[in-house]
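In case you want the letters, here they are:
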Amino acid sequence: MKIITFGITLAMLAQTAAGQWIACTNQSNINQCTLTSAVGVGTQTPQRNLAIVGAGSATVQVAADSSQGSTASRGFQLQQVGLNSYLINEESGSLSFWTSAASRMTIDVTGHVGVGTTSPTARLEVQGAQGSEGISLINLNPLGIAYVSFGETGGGSTPFWIARQGSASATYPRSAEIFNSDAAPIRFGTSNIERVRIDETGNVGIGTTSPGTINGNTWSGTILNLSSGNVARMGIQGSGFAGIDLVDRTAPANQRQYTISSNGGQLRFYAVDDSPNGIVKVVMDSAGRVGIGTATPTMPLDVNGNANVSGSITVGGNINAKYQDVAEWVPTLDALEPGTVVVLDRRAPNSVTASTSAYDTGVAGVVSEHPGITLGEPAANKAVIATSGRVRVRVEATRPIAIGDLLVTGEAPGVAMKSEPITMNGRSFHQPGTIIGKALQPLAKGRAEILVLLTLQ
């Protein structure tokens, strides 16, 4: 049994709902009557406690005073029109929804919706005092997408959206997505200032609104542009390794990738093949030492290999070379082996050839295998000829050679021998212009290479 108060008299009830009500027994309050069955308005077969049926529409109107109920467009109304249902506040006030004796959602007079607040300042404002508050969008279809989209009337059919793909998506399962389908940027800001921009071509700018422009020049491709009015820095941090990989996909195989990294206490430059295997090419340690071809530099510049300098080198200190001779590139018509004694080639100007006779005054030096310093420009028709310093020389001991003996060209091609002095007026001397240098190692017999101090004279 339910008690319903309508503010109408028993007589009126008897006239409008005959057979639905019984006489009131509470004479002190004739507005209360006991309902014995369902009440129907516009129907004689109500299926609920109160059923209101109209021809195409039905409305329940609730008014706070008689003036609000005096017309059909006043007060609060619960309305059904065709298949559509409406909750209507016809007055200049809000519409609130309550649970547990507290307001949970409010629609104010301007149409703003507040969840957790009765005074929303935006179209949708959600407030809460719990430890975790938020809005959750869940699509129960694993093939579907849960998303929020933003657009404008007449602004195109592809708005900006934030989405999450379903777990069974054929393209990007479980992916989170932020998209602007229009040809316009996505902007991120703090303190009401733009900080990051992704422009319509995919360029990313941090601290700049023109990420495709660097130093006043517009570049093609995809660009990450960091800009600042004073200091701009980019930090990449890792445990054991932090790096940047640079890849040209159109480069030849095993030459596409290079890596710049900080690891092992060094700044390192790697060449990475397609396996991928990284080979350290250049390093700089914490002391500022740079190694090229070596990962353990011991000097400010430590090069393991050859170096080619097209300009000039100015040395304020000393030049320290592993090998101890000075040589130069000299034209030759012949293929000359290291250690070969050469003389001026009388067949061609400014050329050398292997010696072929003893005591040749045209002696010009020795072919050096590892010169300490090389002068001139290399060429296929040139040989490296040492003219001073210590170098290994092919010699033949036609007479035993002792340390300090002077050497000259011998009879065998490209081979030196011990010089025999000439005695005149009781004095011994060697023929001028024939001396190659002084033996630094002995040779008792046979033919071999020994170390010689070149002193052409």
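Anything mentioned here points back to the structure above.
The text that follows walks through the structure, step by step, so that each part is easy to find. (Residues numbered from 1 in each chain as written. Predicted model: local features only at pLDDT ≥ 70, side-chain atom pairs only at ≥ 80, totals over all residues. Heavy atoms only, no water.)

1. Here we look at the nonpolar core
Consideration 1: If you look at the biggest cluster of nonpolar residues, it comprises 20 residues, and the most contacted ones within it are Val393, Val395, Ile401, Leu407, Ile450 and Leu454.
Consideration 2: Those elements giving two or more residues to this core turn out to be β28 (341–344), β30 (363–367), β32 (382–397) and β38 (446–455).
Consideration 3: If one sorts the elements of this core by residue count, β32 sits on top with six residues.
Consideration 4: Excluding anything up to four places from it in sequence, Ile401 contacts Val395, Glu396, Leu407, Lys418, Ala439, Gln441, Pro442, Leu443 and Ile450. (Core = buried A, V, L, I, M, F, W, Y, C linked by side-chain atoms within 4.5 Å. Buried < 20%, exposed > 50% of the residue type's maximum accessible area, 1.4 Å probe, protein only. Helix = DSSP H or I, 4+ residues; strand = E, 2+ residues; numbered from the N terminus. Contact = heavy atoms within 4.5 Å.)

2. Topic: unusual backbone geometry
Consideration 1: Going from Ser275 to Pro276, the amide bond is cis rather than trans, its omega being 0 degrees.
Consideration 2: Structurally, Pro276 can be placed in the loop between β23 (266–272) and β24 (278–285).
Consideration 3: At Arg174, a residue that is not glycine, the phi angle is positive and equals roughly 65 degrees.
Consideration 4: What makes Arg174 exposed here is its relative accessible area of 56%.
Consideration 5: With phi around 60 degrees, Tyr359 is a residue other than glycine that occupies positive phi space.
Consideration 6: With respect to the helices and strands, Tyr359 occurs in the loop between β29 (352–354) and β30.

3. Things to note about the side chain of Thr208
Consideration 1: Here Thr208 is to be found in the loop between β17 (204–206) and β18 (213–214).
Consideration 2: Under the relative-accessibility criterion, Thr208 is labelled buried at 15%.
Consideration 3: Separated by 3.1 Å, the side chain of Thr208 and the backbone nitrogen of Ser210 make a polar contact. (Polar contact = N/O pair within 3.5 Å; in protein donor to acceptor, adjacent residues only side chain to side chain.)

4. What about the sheet that holds strand β6 (residues 76–81)?
Consideration 1: Spatially, β5-β6-β7 is the arrangement adopted by the three strands of the open sheet, whose pairing is antiparallel. Strand pairing shows two members of the sheet lacking a second neighbour, β5 (57–62) and β7 (84–89), which therefore form its edges. Averaged over all neighbouring strand pairs, the angle between strand axes comes to 10 degrees, with direction disregarded.
Consideration 2: As paired elements, β5 and β6 share six bridges and run antiparallel to each other. Bridging from a neighbouring strand, Val62 pairs with Phe76 of β6. (Pairing = 2+ DSSP bridges. Axes fitted to C-alpha atoms, helices over the stretch in contact; angles between N-to-C directions.)

5. Some words on the environment of Gln61
Consideration 1: Relative to the elements of secondary structure, Gln61 occurs in strand β5.
Consideration 2: Accessibility expressed as a relative area gives 33% for Gln61, which makes it partly exposed.
Consideration 3: Remark: the alpha-carbon pair of Gln61 and Thr121, spanning 60 residues in sequence, is separated by 29 Å.
Consideration 4: A distance of 2.7 Å separates a polar atom in the side chain of Gln61 from the backbone oxygen of Arg74.

6. With respect to the packing of aromatic side chains
Consideration 1: Here the structure, examined in full by the defined rule, presents two aromatic pairs.
Consideration 2: Centre to centre, the rings of Phe150 and Phe160 are 5.8 Å apart; their planes meet at 35 degrees, and the pair counts as tilted. Pair noted here: Phe150 is in strand β12 (residues 145–150) and Phe160 is in strand β13 (residues 160–165), with a separation of 10 residues, a long-range link.
Consideration 3: Since its relative accessible area comes to 45%, Phe150 is described here as partly exposed.
Consideration 4: Using a relative accessible area of 24% as the deciding quantity, one classes Phe160 as partly exposed. (Phe/Tyr/Trp six-rings, centres within 6.5 Å; stacked < 30°, edge-to-face > 60°.)

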